[in-house]
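Chain residues, written in single-letter form:
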Amino acid sequence: MGISFSVMVTGALPMAAYGPLARQVEDAGFDQLHIADDLVFRPAWPILTVAALNTSRIRLGPFIVTPQVAHPVYHAANLAALDELSGGRMVAGIGRGGFNPLIGAVAPSKPMTWMREAHALMTRMLTMDRTPFEGQYFKATEDLYFQFEVPRHVPLFVGTWSPQTARLAGTIAPGMKADCVASPEYVARLKSQFADGRAGVGKSMEGTEFIVGPLCAISTDPGRAEDSIRGMLALLQPFLAPMIREVGIGEDEVEAAYTAFTKGDVAEAKALVTRRAIDAFSLTGTPDQVVRRIGDLIDAGADNIAFGPPHGDDPVECIRLIGEKILPRFTSRSARKVII
């Protein structure tokens, strides 16, 4: 499998922006467009509808949907409908979700069982299986099936940056996505866990896809890029466990930046975000500065680099730069050689 490139955006933009953005992503030569289904932004489903109607080639999907916010059957129904609308181009990631504590959602006592059941129930619905489902967290009678044709089982990835869940992903999913990750060492660890999970159930790695979705701020002005990513990290760092601990970032510095951000002192919050955090979670700088780092992620096991938000202070310009200055530096989609 050759290397693929994707773009991931949040629901922070006006709805009118997503049609032109989806067309830009497709025209620039990317392979996939991912929409974050985060509670604090516009939901993924209407954005994906707009994207499907404005593109014809790229694969589209929510990364991730979480069963703690809506039932797995609801997610599966949306996927099936959008797969029909897009002509079979949907893909999806299922995971725990990063903002669930904000609505008081309590983590399940057996998260691996919960994840396995949610994935299995969505698969059941998308394959038109009517076998009764009796899990610890989710249940379905034989009468629960879609009253419309589902011609294709949409690929269901697992979205995680947890090594334990990466191993689970290897046992149940055709691939996984690790967002907010830019450390080659951590990527290699997750890929190893995913491979171990597959080996443990007698599955090979053939045909799988390991997606790495670092945060991204790319500009011809490195100072502007760094300023943008510092604001994003000030908000996100508290939700990035266990990676925070794994890369050696102290809880005190995370809490200090987050507290300043939530109090409205954005300048102070940005100043408290460390260089270590920027390098661990993002691709930040000029196109030339990030090309080698992308190559390192590919060497660590990434099959698909999904450039995540905030895309600097000008997302349209950032995506243009990636398409024009970065993608051509990789000699072909079947080779992993970087042209320096």
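Let me begin by describing the structure that accompanies this report. One numbering rule holds for all chains: residues counted from 1, following each sequence as written. The model is predicted, so local features are restricted to residues of pLDDT at least 70 and side-chain atom pairs to those at 80 or more, both for listing and for counting; the totals for chains, interfaces and linings are taken over all residues. By convention in this description, side-chain values take in all heavy atoms of the structure and omit both hydrogens and water.

## What about the overall build of the chain?
- Secondary structure counts use DSSP, requiring at least four H or I residues in a row for a helix and at least two E residues in a row for a strand, with both numbered from the N terminus. Of regular secondary structure, the chain possesses 13 helices and 12 strands.
- Whereas a compact globule of 340 residues would reach a radius of gyration of roughly 20 Å, the chain reaches 19 Å, a difference of no more than 12%.
- Overall, the C-alpha framework of the chain stretches about 60 × 40 × 40 Å when taken along its three principal axes.
- Only protein chains enter the area calculation, which uses a 1.4 Å probe; residues under 20% of their type maximum are buried, those over 50% are exposed, and those in between are partly exposed. By the burial criterion, 55% of the 340 residues in the chain qualify as buried.
- Contacts between residues were defined by any pair of non-hydrogen atoms, one from each residue, lying within 4.5 Å. The long-range share in the chain, meaning contacts at least 24 apart out of those at least 6 apart in sequence, stands at 73%.
- Here the chain contributes 33 positive and 37 negative side-chain charges, whose respective centroids are spaced 3 Å apart. Atoms counted for the radius of gyration: C-alpha only. Globule rule: 2.2 Å times residue count to the power 0.38. His is not counted, nor are the chain ends; Lys and Arg add positive charge and Asp and Glu add negative charge. Charged groups are reduced to one reference atom each: NZ for lysine, CZ for arginine, CG for aspartic acid, CD for glutamic acid.

## Focus: the nonpolar core
- Ranked by size, the top nonpolar core spans 102 residues in total, and within it L33, F281, I294, I305 and F307 carry the most contacts.
- Take this core: its biggest share by element is eight residues, from helix 4 (residues 111-126).
- In this view, L33 contacts V7, V9, L21, A22, V25, A51, I58, R59, L60 and G61; residues no more than four positions away in its chain are not counted.
- We call a set of buried Ala, Val, Leu, Ile, Met, Phe, Trp, Tyr and Cys residues a nonpolar core when their side-chain atoms join them within 4.5 Å. Within the second largest apolar cluster, five residues are counted, among which are F63, F157, I211 and A306.

## A look at a nonpolar patch on the surface
- Patch membership requires more than 30% relative accessible area and the absence of a salt bridge. Residues of like charge join within 9 Å; the nonpolar side chains Val, Leu, Ile, Met, Phe, Trp and Tyr join within 5 Å. Where accessible areas are quoted, they stem from the Shrake-Rupley method and a 1.4 Å probe; at the residue level, only the protein chains shown are allowed to cover. Basic side-chain nitrogens of Lys or Arg form a salt bridge, by our definition, when they fall within 4 Å of a carboxyl oxygen of Asp or Glu. On the surface, a nonpolar cluster with roughly 510 Å² of combined accessible area is contributed by L39, V40, F41, V69, L102 and I103.
- In this fold, L39 is placed in the loop between strand 2 (32-35) and helix 2 (44-53).

## Points about the packing of helix 7 (residues 222-236) against helix 9 (residues 251-262)
- Note on definitions: angles span 0 to 180 degrees between N-to-C directions of axes, and those axes are lines fitted to C-alpha atoms, for helices only across the stretch in contact. With their axes 7 Å apart at the nearest point, helix 7 and helix 9 run at an angle of 100 degrees to one another. In terms of orientation, helix 7 and helix 9 fall into the roughly perpendicular class. Facing G231, A234 and L235 of helix 7, the residues of helix 9 in contact are A257, Y258 and F261.
- Broken down by class, the residue content of the contact of helix 7 with helix 9 amounts to five nonpolar, one polar and no charged. Roughly parallel means an angle under 35 degrees; roughly antiparallel, over 145; roughly perpendicular, 65 to 115; everything else is oblique. Gly counts as polar in this scheme, as do all residues outside two lists: the nonpolar Ala, Val, Leu, Ile, Met, Phe, Trp, Tyr, Cys and Pro, and the charged Asp, Glu, Lys and Arg.

## Some details on unusual backbone geometry
- Here the bond from A241 into P242 is cis, since omega is 5 degrees, no more than 30 degrees from zero.
- Along the polypeptide, P242 turns up in the loop between helix 7 and helix 8 (243-246).
- Cis geometry is found at the peptide bond from P309 to P310, where omega equals 15 degrees.
- Among the structural elements, P310 can be located in strand 12 (residues 304-310).
- The phi dihedral of C180 is positive, around 60 degrees, even though this residue is not glycine.
- The topology assignment puts C180 in the loop between strand 8 (175-179) and helix 6 (184-200).

## Comments concerning the side chain of D179
- With respect to the helices, strands and loops of the structure, D179 is situated in strand 8.
- Assessed through its relative accessible area of 12%, D179 is described here as buried.
- The definition of a polar contact used here is a pair of N or O atoms within 3.5 Å, where within protein one atom must be able to donate a hydrogen and the other to accept one, and adjacent residues in sequence count solely through side-chain atom pairs. Side-chain polar atoms of D179 contact the side chain of K177, separated by 2.9 Å.
- Other than its neighbours up to four places away in sequence, D179 contacts M8, F63, W161, G213 and M243.

## Considerations on the packing of aromatic side chains
- Two rings from Phe, Tyr or Trp (for Trp, the six-membered ring) form a pair when their centres are within 6.5 Å of each other. A pair whose planes differ by under 30 degrees is stacked, one over 60 is edge-to-face, and the rest are tilted. Within the structure shown, the criterion is met by seven aromatic pairs.
- Relative to F330, the ring of F5 lies with its centre 5.2 Å away and its plane at 55 degrees, an arrangement referred to as tilted. With a gap of 325 residues between them, F5 in strand 1 (residues 4-9) and F330 in the segment after helix 13 (315-326) connect regions that are remote in the sequence.

## Observations regarding the pattern of salt bridges
- Inspection of the entire model under this criterion finds 16 salt bridges.
- The partner of R189 in a salt bridge is E246, and the shortest N-O contact between them spans 2.8 Å. With a gap of 57 residues between them, R189 in helix 6 and E246 in helix 8 connect regions that are remote in the sequence.
- The exposure class of R189 is partly exposed, given its relative accessible area of 37%.
- Within the structure, one salt-bridge network assembled from shared partners comprises E226, R230, R275 and D279.

## Examining the state of the cysteines
- Note on terminology: disulfide denotes any pair of cysteine sulfur atoms within 2.5 Å. Scanning the model with the defined rule gives zero disulfides in all.
- Considering cysteine sulfurs only, C216 is the nearest to C318, which forms no disulfide, with 3.9 Å between them.
- You can call C318 buried: its relative accessible area is 0%.

## What about helix 2?
- What helix 2 keeps buried is the set A44, W45, I47, L48, A51 and A52. For helix 2, the buried positions fall inside an angular range of 160 degrees around the axis, keeping them on one side.
- The elements touched by buried residues of helix 2 are helix 1 (18-27), strand 2, strand 3 (59-65) and helix 3 (72-86). This arc is built from the directions going out from the helix axis to the C-beta atoms.

## Let's talk about the pairing of strand 2
- Residues of strand 2 alternate between two faces, with Q32 and H34 on one and L33 and I35 on the opposite face, all of them buried.
- Paired strands are those between which DSSP finds at least two bridges. With four bridges joining them, strand 1 and strand 2 adopt parallel strand pairing. Bridging across to strand 2, V9 finds its partner in I35.
- Remark: the strand 1/helix 1/strand 2 crossover connection has right-handed handedness.
- By the bridge criterion, four bridges tie strand 2 to strand 3 in an arrangement that is parallel. By the bridge assignment for strand 3, Q32 is matched with R59. The path from the first strand over the helix to the second decides the hand: if it runs clockwise while the strands point away from the viewer, the crossover is right-handed.

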